[in-house]
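The chain contents come next:
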Amino acid sequence: MKNNRSILPNLEEYYTLTQEQKVLYQEKGHIYLKNVATDYEIKQYEKVITDKVMELNTHSQPVTKRDTYGKAFIQIGNLWVKSSEIKQFVLAKRFAKIAADLMGVDGVRIYHDQALYKEPGGGHTPWHQDQIYWPLDTPNTITMWMPLEPISQEVGTMTFASGTHKHGFISKQQISDESHNTLKQYIEGKQIPVENYGAMSAGDATFHAGWTIHSAPGNPTDHMRKIITIIYVADGARVAQPDSKARDSDLKNWIPGCSPGDLVASPLNPLVYKK
């Protein structure tokens, strides 16, 4: 009898980007791509991923009793090391090649994956920059954000502050009310255009740079917003000296055994695409 992994789609077929799409990403620091995975492919993986997220969920309090970060989502990282089926999804060459092509690099490694499930009644995700958490010596980082079920306009997708990836580091504040207020003032003060892509189908995806400021609305519906993200870093990147507790924690969790100056190439950072 075949196991589930043997019959799950392999996601090896490449997704072709246009030159215009690559230029758009480089300019804005984010892009929306349709049908990165087919409806059939997503349906095969959704239950496997959701079952593992629910199994590993550590929230014990109702949404209303959590802090802002806790209200934002159920967050589970490195699912790929916990399930051979999810490993096949996270390490898919299709997604990795898109990441490399958008960044304009020859190869990419996994930094880590994250499931971000926003519960019914879940709060907003404050404005933030992902890369304040990452002890990496390169701006060549990118996150794929993919819904596993359709997302309505009411539930909402992410909102991006266009071009902010070119600004680099802005604030060390971790995801919180403080980061939201600080970066909101920054965006408004500099009159930075913001963009939300609205409703998305399962298998569509956004990609955004590590320094791109972004946020997401709360979930006012009675349906779970199911998102899987995969974070990539350019092959050849090195570990930077952690300059905060958040980055020190990330070094230990996502690049174990590596020290500042080492290549980002621990067993948790496999090379998933190379030209």
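Residues numbered from 1 in each chain as written. Predicted model: local features only at pLDDT ≥ 70, side-chain atom pairs only at ≥ 80, totals over all residues. Heavy atoms only, no water.

Engineer: Describe the packing of helix H2 (residues 19–28) against helix H6 (residues 93–103), naming the residues involved and giving the relevant values.
Structural biologist: Remark: H2 packs on H6, axes separated minimally by 8 Å, with the N-to-C direction vectors making an angle of 70°. The orientation of H2 with respect to H6, classified from their angle, is roughly perpendicular. Contact residues: Gln21, Lys22, Tyr25 and Gln26 in H2; Asp101, Leu102 and Met103 in H6. (Axes fitted to C-alpha atoms, helices over the stretch in contact; angles between N-to-C directions. Helix = DSSP H or I, 4+ residues; strand = E, 2+ residues; numbered from the N terminus. Parallel < 35°, antiparallel > 145°, perpendicular 65-115°, else oblique. Contact = heavy atoms within 4.5 Å.)

Engineer: Which residues make up the sheet that holds strand E7 (residues 194–196), and what values do they have?
Structural biologist: Pairing is antiparallel across the open sheet formed by four strands, whose spatial order is E4-E9-E6-E7. Whereas interior strands pair on both sides, the edge strands pair on one side only; in this sheet they are strand E4 (125–128) and E7. Going across the sheet, the axis of each strand differs from the next one's by a mean of 15°, ignoring polarity. Against the sheet, helix H7 (residues 177–189) contacts E4, strand E6 (159–161) and E7, and its axis sits at roughly 50° relative to E4. (Pairing = 2+ DSSP bridges.)

Engineer: Help me get a handle on the pattern of salt bridges, residues and values and all.
Structural biologist: In total, this model carries 16 salt bridges according to the counting rule given. Between Asp106 and Lys275 there is a salt bridge, and its shortest N-O distance comes to 4.0 Å. Highlighted residues: Asp106 in the loop between H6 and strand E3 (107–117) and Lys275 in the segment after strand E11 (271–274), separated in sequence by 169 residues. Asp106 gets classed as partly exposed once you look at its relative accessible area, which sits at 46%. Lys274 serves as the salt-bridge partner of Asp235, at 2.8 Å between the closest nitrogen and oxygen. Taken together, the residues span a long stretch of sequence, with Asp235 in the loop between strand E10 (227–234) and helix H8 (245–254) and Lys274 in strand E11 at a distance of 39 residues. One continuous salt-bridge network, built from bridges that share partners, spans Glu46, Glu149 and Lys226. (Salt bridge = Lys/Arg side-chain N within 4 Å of Asp/Glu carboxyl O. Buried < 20%, exposed > 50% of the residue type's maximum accessible area, 1.4 Å probe, protein only.)

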